[in-house]
Amino acid sequence: MFLLATNYEYGLSGLPMNYQKAVELYHRAARLGSADAAHTLGSSYMAGDIVGMDKKKARRLLSRAARGGSIGSLHQLGCMKFQDEEVDFLGYLFTAADLGWKDSMNQLKSLHEYGIVSEEHYKITLKNHLEALRKEQSESRDKMVRIDEERAQRNERPLS
């Protein structure tokens, strides 16, 4: 359902561009547990692009997406909380950075340069961030090897 919503949003796969249909499908997919749909809607309500701007809905949907595993939603919630001067914003950025989200790491670097994030916290987070990126690259590499092995068994040309 998320993919169908995306196709309507961007007019892909032969479907006409239809924001109203896309939003309806994103909402339905989010209610069914799609973290991607909740993230897309939350981002849209935050920016006011395909729907009207509504920070309350944005927070609710981004929170749902974050609980569903969306690291980008953690980052966006941290940014929203920072803009609204809420004291717990750093926890969101630290968590997203620890999980490999580059934008959160960049935000924390800036906050460290301004003296808001301590040297110790910054170094620990940077270490965790780099480890998450290495793990992600390793998992991607392992997946490519498996795909190439499967293609070789079918006498097809490897991807890598």
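Our structure's up above, just so we're on the same page.
Given the structure is predicted, the values throughout are model-derived calculations rather than measurements. (Residues numbered from 1 in each chain as written. Predicted model: local features only at pLDDT ≥ 70, side-chain atom pairs only at ≥ 80, totals over all residues. Heavy atoms only, no water.)

**Q** Tell me about unusual backbone geometry, and please be specific about residues and values.
**A** Backbone geometry places Ser13, a non-glycine residue, at a positive phi of 55°. Position of Ser13 relative to the elements: it lies in the loop between helix 1 (2–10) and helix 2 (19–31). Its identity is not glycine, yet Glu85 carries a phi of approximately 60°, on the positive side. Within the fold, Glu85 resides in the loop between helix 5 (71–83) and helix 6 (89–98). (Helix = DSSP H or I, 4+ residues; strand = E, 2+ residues; numbered from the N terminus.)

**Q** Run through the pattern of salt bridges, naming residues and quoting values.
**A** Evaluated as defined, the whole model comprises nine salt bridges. A salt bridge links Lys21 to Glu24, with the nearest nitrogen and oxygen atoms 3.8 Å apart. Placement of both Lys21 and Glu24 in helix 2 is noted, with a separation of three residues, approximately one turn of the helix. With a relative accessible area of 28%, Lys21 lands in the partly exposed category. (Salt bridge = Lys/Arg side-chain N within 4 Å of Asp/Glu carboxyl O. Buried < 20%, exposed > 50% of the residue type's maximum accessible area, 1.4 Å probe, protein only.)

**Q** Just give me the short version of helix 8 (residues 119–153), but keep the residues and values in it.
**A** If you check helix 8, its first and last C-alpha atoms are 51 Å apart, about what 35 residues at 1.5 Å a residue would give, namely 51 Å. Tyr122, Thr125, His129, Ala132, Leu133 and Asp148 are the residues of helix 8 that are buried. Contacts from the buried residues of helix 8 go to helix 6 and helix 7 (102–113). In the stretch just after helix 8, Asn155 is the one whose phi turns positive, near 60°. (Expected span 1.5 Å × (residues − 1). Contact = heavy atoms within 4.5 Å.)

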